[in-house]
Amino acid sequence: MRTILVIDTKKIHCASMSWTKDAREALDAAGYRRGGARAAVVDLLSRQNCCLSAQDIHDQLRKARRPVGIASVYRALEALADLRLVKRVDAGDGIARYEPATADGEHHHHLVCRDCGKVEAFSDSRLERAIDRVAGGLGYSVEEHEVVLLGACADCS
Ligand SMILES: [Zn+2]
Ligand SMILES: [Zn+2]
């Protein structure tokens, strides 16, 4: 079977300013102190199109001269996940990655390169319609779905 994917990068936008605002408010409301590791992680995630691992976040913050210990990155992600501000992405390679959980209905899925470990976002309206149709026929009330395509990226194949 040959599958043709249309990757519409226009639909894949950075987590909006409203996510950053929501995240800050939710952390305040949950009694977390402002600033420090959590603020750095929120700022970094707000500029992402897609998901990052704790190690990616640690590395990028160090590069941006805003170093945060890896244990603090994990704790920040845990706090954000508890508040449902980040979504844990399981790309099938055993590495937990996280992306902002936006309330605006932004929806995408993931392509994973098994050779270099790159994870990219894609969205496809026909795929969404097909999933809705399948879900509708199964007698389940399906609340969410995840699609992960594993293979080799253009650079590695
Ligand atoms: Zn993503
Ligand atoms: Zn690759």
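These lines cover the structure that appears in this document, whether it is placed above or below. (Residues numbered from 1 in each chain as written. Chains lettered and ligands numbered in written order. Predicted model: local features only at pLDDT ≥ 70, side-chain atom pairs only at ≥ 80, totals over all residues.)

## Considering the sheet that holds strand β5 (residues 119–122)
Next, step 1: Taken together, the three strands give an open sheet; going across it, the order is β5-β4-β6, and neighbouring strands pair in mixed fashion. The open sheet has two edge strands with one neighbour each: β5 and β6 (148–151). Taking each pair of neighbouring strands and ignoring which way they run, the sheet shows an average axis angle of 25°.
Next, step 2: Where strand β4 (residues 109–113) and β6 come together, four bridges link them in parallel fashion. The partner of H110 across the bridge, within β6, is V148. (Pairing = 2+ DSSP bridges. Helix = DSSP H or I, 4+ residues; strand = E, 2+ residues; numbered from the N terminus. Axes fitted to C-alpha atoms, helices over the stretch in contact; angles between N-to-C directions.)

## Brief notes about helix α2 (residues 36–46)
Helical geometry: 3.6 residues make up each α-helical turn, so side chains three or four residues apart lie on a common side.
Next, step 1: Listed as buried for α2 are A37, R38, A40, V41, V42 and L45.
Next, step 2: Against α1 (17–29), α3 (54–63), α4 (70–82), β2 (86–90) and β3 (96–100) lie the buried residues of α2. (Buried ≥ 20, exposed ≤ 12 C-beta atoms within 10 Å, placed from the backbone. Contact = placed C-beta atoms within 7 Å.)

## Re the nonpolar core
Next, step 1: Judged by nonpolar contacts, the single largest core of 25 residues is most densely connected at V41, V73 and L77.
Next, step 2: Every element with two or more residues in this core is listed here: α1, α2, α3, α4 and β2.
Next, step 3: Per element, the largest residue contribution to this core is five residues, and it comes from α2.
Next, step 4: Not counting residues up to four positions away in its chain, the partners in contact with V41 are I57, V68, V73, A76 and L77. (Core = buried A, V, L, I, M, F, W, Y, C linked by C-beta atoms within 7 Å.)

Interpretation note: all reported values are geometric properties and have no functional meaning in isolation.
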